[in-house]
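What follows is each chain in one-letter form.
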Amino acid sequence: MTQNEHPTTEHRQWTARWIRDAAFSDCMPIDVFHKQLTPKTLPEHRADLKNRRMFVRRTFVVENIDKPYIDISADDYCKLYVNGTFVSQGPAPAYHFNYRYNRIDLSGVLKPGENVIAVDVYYQGCINRVWQSGDYRQGLIAEIVNGGTCILKTDASWKYIVPAHSSGTTVGYETQYLENIDERQFPIGWTAPGFDDSAWLSADENLNDDHTLSLQETPQLAIYELKPAVVKERSAGHFFIDFGHEITGQFTLNAFGESGDTIEIRHGEELDAAGNVRFAMRCNCAYQETWTLAGRAPDRLQYYDYKAFRYVEIIASNPRIRMEDFAATVRHYPFDEKNCAFKSSSELLNGIFRICANGVRYGSQELFLDCPSREKGQYLGDLTVTAHAHLYLSGGDGRLFKKALHDFADSMTICSGLMAVAPGSFMQEIADYSLQYPLQLLTYYRHTGDRALLETLFPKAEAALGYFKKYERADGLIENVADKWNLVDWPENLRDGYDFNLDPKGAGSGPHAVLNAFYVSAHRAMNEIRHALGIRPTNDDVRTASAFIDAFYRYDKKCFVDSTVSSHASLHANALALFIGLVPAEAVESVIKLVRTKRFSCGVYMSYFVLKGLARYGEYELIYDLLTGNDEHSWGTMLAENATACFEAWGKDQKWNTSLCHPWASSPIPLLIEDIIGLSPAAPGWTTVLFSPHLPENPPDFRLSLNVPSAVIVVERTSDDFSITVRAGHAPVTLITNGIEFEDGSTSAIIPAGERMTLTIEPEERYRR
């Protein structure tokens, strides 16, 4: 049994007490919320209460085992052990007013007789993008149910200690603490039965706890062991380890040495010129730590937090220390490669697909992260690309996307116009990102068919868009949106010379093209949502679209400029005009020519809109050329620089702190599947599948096997054959084409539940459009 299989209500009644470290008993919660550009001085956080772990134990007796489970939550995080066995960790980050708890099956770990539950609770205390931390909300709540009855709940009878442990400085943007672990300071066997906790303290009951708890909608992380691809002993006590590709997790090993012996451990994403691990990484994380042994023969290295890395270098202080059993405990959102398996005769295309898939795999944790190293934060704009790719790679699993949409809706408590990063205690706002929320909600609905969520979040999306009404001119365009960052693209050196002052402290006046393109797009998405819900549409999309053309289109140049007072025609202004379908017929050729000339004169994030804009106007050859190019700005450059996950920028040196695992660069996944191979949902939830292939001249052989909510689809192309096979799931599925005929001359067919249909297309001229 897995999490969430037990019936539950969204918000349940708890009889347990929220328990905590008594050191927090005099600390009132800190309100960390504020508008980003509205100064707020927070109370100084006690340094001794930062980076604090709390070991909690409770022994109890069970007579008979009858479908036992535990409901558990902790702030900021916890790791759960039962009878010495690791069971789970969590919860997923959330705001305290809509916090999550996990429901975990215990049938495999509880036993008749005496049992012990042990929880390693961690409170970080930093203001960052990872958690809503730095607010003094610390502790744990849990209830164990067996046979339908609560048999154990957190209260003052639970025992705890705060282990003394040395630590390092923070890395990233106060994202995590380095862990200089001293094994001598940790009790041996504290998670197992029989441990003497008589000297431990009684937990402090927080009778004024203000968490509001709901069941976590996402599954537990996939956690598994990975052995290195390469292990080299460079000298006595000095090892070099390569896991073969970027991963997220914790490195571990066994060491046999004396008490007080130390081992230096370095993690990195790449090597330096001398072939050593570059632990001072480009992304502002210096992964260099010291592990002190207790002489337990062996000591087992166990980090608490995770890192993004490929390489590890370990250097023992004493060459006589024996080290073995090197491994990584990898963690990420559950990911089955069989859900979306692509292979072609083009190694370049295979490599692009692989690094994008890896970026999404390791960037999808309990949230969709911008990167799993420097920030570990969930950004709203990144969601447009990453969640879209994840829907394909996960076989249509929309649960993480659903949580993200809820997270950003929850951020409206801080600003009704949405925060740019959520949930968390770091306040950041980006206007471009807020305006993509309706599009994201619509994408989620198309892929999942989840009408209930669409109905729930429609008012939120409407209110978020309504926030920008105060910035509207008479014609409907928005201008002077100075309370949120106007991003356009990132990093700023990849904005193609965008001619508008975007500095929040002295932003240019008047409207500019990129922000208004997203405003038009948001209105269009909202009307599509209204149509799906049977709500009368507004004319805001038509009004703003007309105003956009009047303001930014130049009839003499047949292209779009960056602002009403600019003559500069950036890639961004024109690509977004293509994306939302605003290019006049007379200008299509010239705007496409501009894109063909400028190519990716943008960041990897904006590439999604460039490519989707070209698809809207049928420029599939150019799409494929850009996808598979070897320009400086290309996925080919990433591969040439030994990428194993997609980068934050096109190349390592194109940004001052480039992350080498950044899933916002994964646009080739949806573009290849939807716009080249030609698969997309023609009805919500894939109850109708559209097959509209647009292969390039001389396409490579390929095979795509794709799981979607309604079916398993295989598209295969060789020099002799081109076919699509659809196997319907538990309900009938309709397959429609873009003119490709079935044997009866029709362009659609209904596939009965559980049955399979294959359509073979020949000659190729019939599907190259």
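The rules behind the values
Residues numbered from 1 in each chain as written. Predicted model: local features only at pLDDT ≥ 70, side-chain atom pairs only at ≥ 80, totals over all residues. Heavy atoms only, no water. Helix = DSSP H or I, 4+ residues; strand = E, 2+ residues; numbered from the N terminus. Rg over C-alpha atoms; globule rule 2.2 N^0.38 Å. Buried < 20%, exposed > 50% of the residue type's maximum accessible area, 1.4 Å probe, protein only. Contact = heavy atoms within 4.5 Å. Areas by Shrake-Rupley, 256 points an atom, 1.4 Å probe, with all protein chains shown as cover. Lys, Arg positive; Asp, Glu negative; His and termini not counted. Charge placed at Lys NZ, Arg CZ, Asp CG, Glu CD. Pairing = 2+ DSSP bridges. Salt bridge = Lys/Arg side-chain N within 4 Å of Asp/Glu carboxyl O. Core = buried A, V, L, I, M, F, W, Y, C linked by side-chain atoms within 4.5 Å. Polar contact = N/O pair within 3.5 Å; in protein donor to acceptor, adjacent residues only side chain to side chain. Expected span 1.5 Å × (residues − 1). Bend = angle between axes of the 7 residues up to and from the residue. Axes fitted to C-alpha atoms, helices over the stretch in contact; angles between N-to-C directions. Phe/Tyr/Trp six-rings, centres within 6.5 Å; stacked < 30°, edge-to-face > 60°. Lys NZ or Arg CZ within 6 Å of the ring centre and 35° of its normal.

Engineer: Explanation requested: the overall build of the protein chain in the structure shown.
Structural biologist: Along the backbone of the protein chain there are 14 helices and 34 strands. A compact globule built from 769 residues would reach a C-alpha radius of gyration of about 27 Å, and the protein chain, at 27 Å, matches this within 12%. Within the protein chain, the fraction of its 769 residues that count as buried is 63%. Here the analysis covers contacts within the protein chain between residues at least 6 apart in sequence; of these, 74% occur between residues at least 24 apart. For the protein chain, the exposed area adds up to about 27900 Å²; of that, 48% sits on carbon and sulfur atoms. In the protein chain, 74 positive and 99 negative side-chain charges are present, and the distance between their average locations comes to 1 Å.

Engineer: Can you help me understand the sheet that holds strand β4 (residues 77-82) in this one?
Structural biologist: An order of β5-β4-β7-β2-β10-β13 is seen for the 6 strands of this open sheet, with the pairing classed as antiparallel. Bordering the open sheet on either side are β5 (85-90) and β13 (201-202), each of which pairs with just one other strand. Sheet analysis places strand β2 (residues 52-62) next to strand β7 (residues 113-123), joined by 11 bridges and oriented antiparallel. In the sheet register, threonine 59 faces β7, and the bridge partner there is valine 116.

Engineer: Would you mind going over the pattern of salt bridges with me for this structure?
Structural biologist: Pairs can form between side chains of opposite charge once their charged atoms are near each other. Using the criterion set out here, one finds 57 salt bridges in the structure. Between glutamate 648 and lysine 655 there is a salt bridge, with its nearest N and O atoms 3.1 Å apart. No difference in accessibility class separates glutamate 648 from lysine 655, as the two residues are buried. Overlapping salt bridges, with partners in common, bring together Glu270, Arg278, Arg282, Lys652 and Asp653 in one network.

Engineer: Hey, could you run me through the environment of asparagine 707 in this one?
Structural biologist: As for its placement among the helices and strands, asparagine 707 is situated in strand β29 (residues 702-708). Residue classification places asparagine 707 among the partly exposed residues on the basis of a relative accessible area of 22%. For asparagine 707 and glycine 395, which are 312 residues apart along the polypeptide, the C-alpha to C-alpha distance reads 4.6 Å. Excluding anything up to four places from it in sequence, asparagine 707 contacts Lys338, Asn339, Gly395, Gly396 and Val712.

Engineer: Explain the nonpolar core here, please?
Structural biologist: Nonpolar side chains tend toward joint burial in soluble globular proteins. Core analysis: the largest hydrophobic core is formed by 169 residues, its most contacted members being Phe548, Trp635, Met638, Leu679 and Ile713. Take this core: its biggest share by element is 12 residues, from helix α7 (residues 513-533). Apart from the residues lying within four places of it in its own chain, the contact partners of leucine 679 are Tyr392, Ile673, Glu674, Trp686, Val689, Leu690, Phe691, Leu704, Leu706, Ile713, Val715 and Ile724. By size, the runner-up hydrophobic cluster in this structure holds 34 residues, among which are Phe239, Ile265, Met323 and Ala328.

Engineer: Would you explain the side chain of aspartate 182 in this entry?
Structural biologist: Note that aspartate 182 resides in the loop between β12 (176-177) and β13. Reaching out from aspartate 182, the side chain makes a polar contact with the side chain of arginine 184 at a distance of 2.9 Å. The residues touching aspartate 182, leaving out its near neighbours within four places in the chain, are Ser166 and Thr292.

Engineer: Before we go on, may I ask you to explain the pairing of strand β33 (residues 748-751) in this structure?
Structural biologist: As a general feature of sheets, a regular strand has side chains that alternate between the two faces. Burial along β33 is one-sided: Ala749 and Ile751 are buried, and none of Ser748 and Ile750, which face the opposite way, are. Note: strand β32 (residues 733-737) against β33, 4 bridges, orientation antiparallel. What sits directly across from valine 733, in β33, is isoleucine 751.

Engineer: How do you make sense of helix α6 (residues 451-466) when you look at a structure like this?
Structural biologist: For an α-helix, 3.6 residues make a turn, and residues three or four places apart therefore share a direction. With 16 residues, α6 should cover 22 Å at 1.5 Å per step; its first-to-last C-alpha distance of 22 Å lies within 8% of that length. At leucine 457, α6 is bent by approximately 40°, the largest bend along its length, and proline proline 459 sits one to four residues beyond. Of the positions making up α6, those classed as buried are Leu453, Leu454, Leu457, Phe458, Ala461, Ala464 and Leu465. The elements touched by buried residues of α6 are α3 (399-410), α5 (437-448) and α7. In this structure aspartate 450 caps α6, since a side-chain oxygen of it lies 3.3 Å from the backbone nitrogen of alanine 452.

Engineer: Even after reading the chapter, I still don't get unusual backbone geometry, so can you show me in this structure?
Structural biologist: Apart from glycine, the bulk of residues carry a negative phi angle, and the bulk of peptide bonds sit in the trans form. Put simply, glycine 90 and proline 91 share a cis peptide bond, and its omega is 0°. Within the fold, proline 91 resides in the loop between β5 and β6 (99-105). With an omega dihedral of -10°, the bond running from alanine 422 to proline 423 counts as a cis peptide bond. Along the polypeptide, proline 423 turns up in the loop between α3 and α4 (431-434). Even without being a glycine, asparagine 83 presents a positive backbone phi close to 55°. Along the chain, the position of asparagine 83 falls in the loop between β4 and β5. Unusually for a residue other than glycine, asparagine 642 sits at a positive phi of about 65°. By secondary structure assignment, the location of asparagine 642 is in the loop between α13 (635-640) and α14 (668-677).

Engineer: How do you make sense of the pairing of strand β9 (residues 149-153) when you look at a structure like this?
Structural biologist: Of the strand pairs in this sheet, strand β8 (residues 139-146) and β9 are connected by 4 bridges, and their pairing is antiparallel. Looking at the pairing, asparagine 146 lines up with threonine 149 of β9. If you look at the hairpin formed by β8 and β9, you'll find 2 residues sitting between the two strands, and glycine 147 has a positive phi there, around 65°.

Engineer: Looking at this structure, I do not really get the sheet that holds strand β31 (residues 722-728). What am I missing?
Structural biologist: What links the strands of a sheet is backbone hydrogen bonding, and the strands pair in either a parallel or an antiparallel sense. In spatial order, the strands read β24-β29-β30-β31-β34; together these 5 strands make up an open sheet with antiparallel pairing. Single-partner strands in this sheet number two, and they are β24 (340-344) and β34 (756-760). If you compare each strand with its neighbour and ignore which way they point, the axes differ by 10° on average. For β31 and β34, the ladder comprises 5 bridges, and the chain directions are antiparallel. Among the inter-strand pairings, isoleucine 724 is bridged to a residue of β34, identified as leucine 759. This element, α14, spans β24, β29 and β30 (711-717) of the sheet and lies at about 105° to β29.

Engineer: I'm lost on the packing of aromatic side chains in this one. Help?
Structural biologist: The geometry of two aromatic rings is summed up by the distance between their centres and the angle between their planes. Applying the stated criterion across every chain, the model contains 43 aromatic pairs. Relative to tryptophan 650, the ring of tryptophan 635 lies with its centre 4.9 Å away and its plane at 85°, an arrangement referred to as edge-to-face. Taken together, the positions of tryptophan 635 in helix α13 and tryptophan 650 in the loop between α13 and α14 put the pair 15 residues apart, joining distant regions of the chain. Classification of tryptophan 635 as buried rests on a relative accessible area of 0%. The structure contains a cluster of three or more aromatic residues connected by ring pairs, namely Phe55, Tyr81, Phe86, Phe186, Trp190, Phe195 and Trp200. A cation over an aromatic ring shows up here: lysine 376 above the ring of tyrosine 306, its NZ or CZ 3.6 Å from the ring centre.

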